[in-house]
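Commentary on secondary and tertiary structure
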Amino acid sequence: MSVAPHTGGLVDLTVVVPAYNEERRLRPTLDAIRDHLRADPDRWGEWELIVVDDGSTDRTAEVAAEAAADEPRIQLVRSVRNRGKGHALRQGVLASYGRRVLVTDADLATPIGELDRLDELLAADDDAGAAIGSRAHPDARIEVRQLAVREWLGRLGNRLIQRVAVDGISDTQCGFKLFDGERARAAFADSRLDGWGIDVEILRFFRRSGWPVTEVPVRWSHQPGSKVRPLDYGRVLLELARLRVARGGASGDGGEQGGVRGAVRRWGRRHRADLAVAGVFVLASFFLYKGLWADLDRGYLADAGSDQNQWEWFFAVTADNVTHLRNPLFTTIQNFPDGVNLMANTVMLGLSVPLTPVTLAFGPVVTWALVLTLGLAATAFTWYRLFARRLTSDPRAAALGAALAAFGPPMISHANAHPNFLVLFMIPVIIDRALRLCEPAAKNGKDGKDAGAGKPRTVRDGVLLGLFATYQIFLGEEPLLLAVMGTLLFALSYAVVRRDVARAALGPLLRGVGVALLVCLPLVAFPLYWQFLGPQSYHSVLHGDSAGNSPLSFLEFSGRALLGDEATADALAMNRTEQNAFYGWPLISLALGIVVWLWRLAVVRALAFTAVAAALLSLGQRIRIPYTDVVFPGPWRALAHQPLFESVIESRVAMICAPALGALVALAVAHLVDARSVRAASAVRDAEGSPAGWRERVPRRHRLIGLGVVAVALLPIVPTPLPVRERPEVPRFFTEKMYRAYVTEGESVVPVPLPDPGSAEALHWQSSTRFGFSVPGGYFNGPWGENRMGIYGAPARYTSSMLRDVRYSGQAPVIDDRWRAQARFDLDFWKGGVVVLVPQPNDAALYETLEKLFQRPGKRTGGVWIWDLPPRR
């Protein structure tokens, strides 16, 4: 197959003419079409005429080439053998660039002048999908009739086709149809028939998609030498029957038992693939966390820092609040007596509340393990469903892209400690709902006749979008903000490439988003008020000027990747839970190759821009050129101090690259495996062929090489199981509730040193013993100073700072009366009932310090040293 080169991007109109042994009639047809389009350049604008030679044995190709020499806008597509009208039309339409696409027979039985009538109808309705010529319309003019027998057989065949496939369209076989270009390419990319049944298959696709099809009366004249024979209507029915079998039966056409069985079979095949993919993701997730599941009692993710203790505490305190009907947005169990604003922390109420029964029955450690394991698998599955719905129908390609989006290096880094950045299953659902709003209004009726269905659908999708966004707010606000950023980057870049699509989508999208805001804002108004203005609220968390990624981090492998090196990764990241890039040079190279290869696709250009823009933003406020001292301002500087953005760790913006790279890989694999599986979002024709012809143009050996390159690029970043260490046992002083003898209501247990983000084992003592006591300090986000700047942990006091210094230095300070007075003051603020020293490094120096502070030795009980404090006045 060959195609004449195209000189630009989209054009206003494409005319596709299939031709088989048409050397006598083709040149007059091409001249007539050319003259008609030239006669009114203001109306037709930029146009192209594609002739598809379907393996002709005469001079059809030479005639088309001669016409192309006279008119460069005429192009030729050739097949090496005769495959049928359906195959020819599929090649032509998928090679088209037109915003509208006219398909017409080579004999011009319907004069090209009738294009004006079809175009007027299509232009009058922004939602119109197709205007098709009809010889059966009462206003049609049949200027030269067929033989009576042929005409009678044609009518009978059309009636049978209506009953079987497209009820309500009286003339499916008229070879003069004008389509919306993008929808036509989507329909032909999905088509399978190579013969005369292609017309019916395409019209059925339009019907199922809810795209309006309108019959327009046309002039028509029977042409001698027509390739259509009366028995061809029977062949159309046979083709449709074979299509029903191949696709599992009719999709809801009528209530016949066969249609029901077909629908069940289709449902079974589709859902078997989905279940298989889901099962693989669940097994992969359990494999990553196998060390944690092997010992839930003592297992602790080695790279989690204090975060596992914090998250188990979050799940447990939510369950405790729900059980006792307390405010789930606040607690004083930690940071006593000031408390913690839970809404201003990442407690994931969207999961911690519904999982309360699990937490109460099995403990917060089980909840923690379930959220990580099943949350990661669920995220991968929803990315898979999004890619399968929007990019490719091939489950293998969609699953591979989803695996990269969910199991990519940044997500596995957060898998150690941050479920709010790992459990993102709502993000693809939200994106899909937003894309639904951008689609032309689907009709509610099965035949697409419900013309008033557009606005109700916008309202419905807007309501769902609002509910989904509300739920995501209670799962994680920062991931939602990053998702919005990524979606906007993609939408803006796609709008630049496809301005026609953007113009059509803007109105429904804005209306749907307006509805979503009306639904979402009342639901989150009070929680957000509590978060930003409630007790212990703060206005931002600043992470300094060095929280961006190094450019080198995109080319290296993460510490938990198959070929990763911990020392290299540690030197390029804030910590092991913030390795937010580390995609590796093979994947970056692969992505670059995919973009060059599939650059013709608008969706690929938009994905490429999204990934590059996100990567640049993630470099932070200051970008240092590797191996030099050259530093220049980064694009994040414009956002760093804006509301909402000021609390974002900018290196996390690189997480946006994961689904973008996943989508690119899915598209590439889909083209290599079966390009016909590529969805409408990317079924934009290229200048050298079409997805339908991909198998012809890429030999099997080359496809295998391409798949091998993808495998080699992804293999180095395959994640390895997350390492686990043994956590310290909870002292008997807490498990046996010995503290009750020393702490009365309104008092706290004061651990030494106080829990903070660097060491929060005291939170595990609380969560594992059902919160029988409160502690000062802790690991949370709260306010500091008059400006209420957000910090991690409680504001330091003199006594807590001194004990912390002893813990890490091993040196007991000189204690005088001033230190004793300060300690009494701080303990009164904390409402301390008992001071507890557990076994730990440098505990001898801590014991000496406490003995001098209290001027008496400690008491050994329940595996700890304690100092009972006198009742407060």
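Summary of the structure given here. If you're wondering where the values come from, they're calculated on a predicted model, not measured in any experiment. Just so you know, the residues in each chain are numbered from 1, in the order the chain's sequence is written. For a predicted model such as this one, the threshold for reporting local features is a pLDDT of at least 70, and the threshold for listing and counting side-chain atom pairs is 80 or more; totals across whole chains, interfaces and linings nevertheless cover every residue. To obtain the side-chain values, all non-hydrogen atoms of the structure were used and water was disregarded.

Time to look at the nonpolar core. What we call a nonpolar core is a set of buried Ala, Val, Leu, Ile, Met, Phe, Trp, Tyr and Cys residues that are connected through their side-chain atoms within 4.5 Å. Note on exposure labels: buried denotes an accessible area under 20% of the residue type's maximum, exposed denotes more than 50%, and partly exposed covers the range between, all computed with a 1.4 Å probe on protein chains only. Core analysis: the largest hydrophobic core is formed by 136 residues, its most contacted members being Phe 281, Tyr 289, Trp 383, Phe 387, Leu 587 and Val 665. The leading source of residues in this core is helix 15 (residues 364-390), at 14 residues. Contact partners of Leu 587, with chain neighbours within four places excluded, come to Leu 404, Leu 661, Val 665, Ala 713, Leu 714 and Ile 717. Counting 32 residues, the second largest nonpolar core, distinct from the first, contains Leu 30, Trp 44, Ala 64 and Val 216. Counting from the N terminus, the helices are the DSSP runs of H or I reaching at least four residues and the strands are the DSSP runs of E reaching at least two. Any two residues whose heavy atoms approach within 4.5 Å are treated as being in contact.

Moving on, we come to unusual backbone geometry. At the junction of Phe 336 and Pro 337, the peptide bond is cis and its omega measures out at 5° in the coordinates. Turning to its location among the elements, Pro 337 is positioned in the loop between strand 11 (330-331) and strand 12 (340-341). Here the bond from Val 752 into Pro 753 is cis, since omega is -10°, no more than 30 degrees from zero. Tracing the chain through its elements places Pro 753 in the loop between strand 16 (748-752) and helix 29 (761-767).

With that settled, the discussion passes to the sheet that holds strand 8 (residues 213-217). A pair of strands counts as paired when DSSP detects no fewer than two bridges linking them. Strands sit in the order 3-2-1-4-7-5-8 across an open sheet of seven strands; the sheet is mixed. Each end of this open sheet is capped by a strand with a single partner; those strands are strand 3 (74-78) and strand 8. Strand-to-strand twist across the sheet, computed as the mean angle between neighbouring axes with direction ignored, equals 20°. With five bridges joining them, strand 5 (residues 130-134) and strand 8 adopt parallel strand pairing. Paired with Ile 132 across the bridge in strand 8 is Glu 215. Those strands touched by helix 1 (residues 26-39) are strand 1 (11-19), strand 2 (47-53) and strand 4 (98-104), and its axis lies near 165° from that of strand 2. Note on geometry: axes are lines fitted to C-alpha atoms, helical ones only across the stretch in contact, with angles between N-to-C directions running from 0 to 180 degrees. Against the sheet, helix 4 (residues 85-94) engages strand 1, strand 2, strand 3 and strand 4, with an angle of about 160° to strand 1.

Turning to its location among the elements, Thr 373 is positioned in helix 15. What Thr 373 contacts, discounting residues up to four positions off in sequence, is Ser 285, Phe 286, Tyr 289 and Trp 293.

The next point concerns the packing of aromatic side chains. Aromatic pairing here means that ring centres of Phe, Tyr or Trp (its six-membered ring) are within 6.5 Å. Orientation follows from the plane angle: under 30 degrees is stacked, over 60 is edge-to-face, and everything else is tilted. Throughout the structure, instances matching the rule amount to 28 aromatic pairs. Geometrically, the ring pair formed by Trp 383 and Phe 387 is tilted, given 5.8 Å between the ring centres and 35° between the ring planes. Residue Trp 383 and its partner Phe 387 are located together in helix 15, separated by four residues, close to a single helical turn. Considered together, Trp 383 and Phe 387 belong to a single accessibility category, that of buried residues. Where Phe 734 meets Tyr 739, the ring centres are 6.3 Å apart and the plane angle is 35°; that geometry is what we call tilted. When sorted by exposure, Phe 734 lands in the same class as Tyr 739, which is buried. In textbook terms, an aromatic cluster arises when at least three aromatic residues are bridged by ring pairs, as seen for Phe 733, Phe 734, Tyr 739, Tyr 742, Trp 765 and Phe 773. Sitting above the plane of the Tyr 808 ring, Arg 807 keeps its charged end 4.9 Å from the centroid. The rule for a charge over a ring is simple: NZ of Lys or CZ of Arg within 6 Å of the ring centre, and within 35 degrees of the ring normal.

In this model, helix 12 (residues 307-323) (17 residues) spans 24 Å end to end at C-alpha, consistent with the 24 Å of a helix rising 1.5 Å per residue. Taken across its 17 residues, helix 12 has 15 buried, putting it largely inside the fold. Looking one or two places after helix 12, you find Leu 325, whose phi comes out positive at around 55°. Take the number of residues in a helix, subtract one, and multiply by 1.5 Å to get its expected span.

It is the contact of helix 15 with helix 18 (residues 426-438), at a shortest axis distance of 8 Å, that shows an interaxial angle of 25°. When the interaxial angle is binned, helix 15 and helix 18 end up roughly parallel. As for the relative orientation of helix 15 and helix 18, their crossing is left-handed in sense. In this structure, helix 15 contributes Thr 382, Trp 383, Leu 386, Arg 389 and Arg 390 to the contact, and helix 18 contributes Ile 427, Pro 428, Val 429, Ile 431, Asp 432, Leu 435 and Arg 436. Residues are grouped as follows: Ala, Val, Leu, Ile, Met, Phe, Trp, Tyr, Cys and Pro are nonpolar; Asp, Glu, Lys and Arg are charged; every other residue, Gly included, is polar. Class assignment of the residues belonging to the contact of helix 15 with helix 18 gives a composition of seven nonpolar, one polar and four charged. Any angle that falls under 35 degrees is termed roughly parallel, while one over 145 is termed roughly antiparallel, one within 65 to 115 roughly perpendicular, and all others oblique. Each crossing is labelled by how the near helix is turned from the far one, with a counterclockwise turn of less than a right angle marking it left-handed and a clockwise turn marking it right-handed.

Attention shifts here to the environment of Trp 313. Looking at the element boundaries, Trp 313 is found in helix 12. When its relative accessible area of 0% is taken as the criterion, Trp 313 is described as buried. Those residues within four positions of Trp 313 in sequence are excluded, and the remaining contacts are Thr 331, Ile 333, Gln 334, Leu 342, Leu 763, Gln 766, Ser 767 and Phe 771.

On their own, these measurements won't tell you what the molecule is for.
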